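# Structural description and commentary
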Amino acid sequence: VLVVAKHDVAHRALARAFAERAVDKRYSAFCLGELSTPRVEWSTGHRRADGDRRRFTTRLPPPAREGGSVRRAHTVAHALAAGGGASALAVELPTGRPHQIRAHLADSGHPLLQDELYGGGRAQKRLPAGPVRDATALLHRQALHARRLVFPHPRTGAPTTVDAPLPLD
């Protein structure tokens, strides 16, 4: 799902909705291993990783107040299924930091399948032989999909829902 503003008024309204956390963001994700419980919630600090400007880390306590280089990041993951060395997740994102889902999963030891930057690259080599491994070998991108956004319409304020089904791969 991707939302694009057609004019400045819509852009400002959408930017305000995201800043005010009035946008519901839902993702589908596939990660290595199994989560420790069916529902995992992370509320951490979030900032660029030391020594690698491309990566972010969530191995930080949440900040006492917003501002500075450490921001608050909150992710909720629900395990939908597990097997073959991987898990299918439904992910809610109350905050929206760069790479937030990728960093939370990787920092918890469950990187996204095929995520080169966060440790899930060439995941098929780490999975046992079987259908999950075979499917992962055909995936040439990280296994993360923005599946739903619910936001106030920029002009009317009415809840607007946009869904995108999982792609075939």
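Let us look at the structure shown here.

Rules of the game
Residues numbered from 1 in each chain as written. Predicted model: local features only at pLDDT ≥ 70, side-chain atom pairs only at ≥ 80, totals over all residues. Heavy atoms only, no water. Core = buried A, V, L, I, M, F, W, Y, C linked by side-chain atoms within 4.5 Å. Buried < 20%, exposed > 50% of the residue type's maximum accessible area, 1.4 Å probe, protein only. Helix = DSSP H or I, 4+ residues; strand = E, 2+ residues; numbered from the N terminus. Contact = heavy atoms within 4.5 Å. Pairing = 2+ DSSP bridges. Axes fitted to C-alpha atoms, helices over the stretch in contact; angles between N-to-C directions.

### Some thoughts on the nonpolar core
Within the largest apolar cluster, 13 residues are counted, with the highest numbers of intra-cluster contacts made by Ala77, Leu89, Val91, Ile101 and Leu105. Looking at this core, the elements that each hand over two or more residues are strand S1 (24-32), strand S2 (39-49), strand S5 (86-92) and helix H2 (100-107). No other element matches S1, which puts 3 residues into this core. When sequence neighbours within four positions are dropped, the list of residues in contact with Ile101 reads Tyr27, Thr75, Val91, Leu93 and Leu144. The next biggest cluster of nonpolar side chains, apart from the first, holds 7 residues, and it includes Leu32, Ala123, Leu127 and Ala143.

### Quick notes on the sheet that holds S1
What the 7 strands build is an open sheet, ordered S3-S2-S4-S5-S1-S6-S7; its pairing is antiparallel. Among the strands making up the open sheet, the edge pair consists of strand S3 (52-57) and strand S7 (159-163). On average, adjacent strands in this sheet sit at an angle of 25° to one another, irrespective of strand direction. In the sheet, S1 pairs with strand S6 (residues 144-152) via 6 bridges, with the strands oriented antiparallel. Within the sheet, the bridge partner assigned to Ser28 lies in S6 and is His145. Relative to the sheet, H2 contacts S1, S2, S3, strand S4 (71-83), S5 and S6, its axis offset from that of S4 by approximately 65°.

### Thoughts on the environment of Thr161
Note on placement: Thr161 falls in strand S7. Between the alpha carbons of Thr161 and Val23 there is a distance of 9.9 Å; along the sequence they are 138 residues apart. Once you skip the residues sitting within four places of it in the chain, Thr161 turns out to touch Arg148, Leu149 and Val150.

### Brief notes about the pairing of S7
Here S6 pairs with S7 via 5 bridges, running antiparallel. Among the inter-strand pairings, Arg148 is bridged to a residue of S7, identified as Asp163. Between S6 and S7, which follow one another and run antiparallel, lie 6 residues, and Gly157 among them has a positive phi close to 80°.

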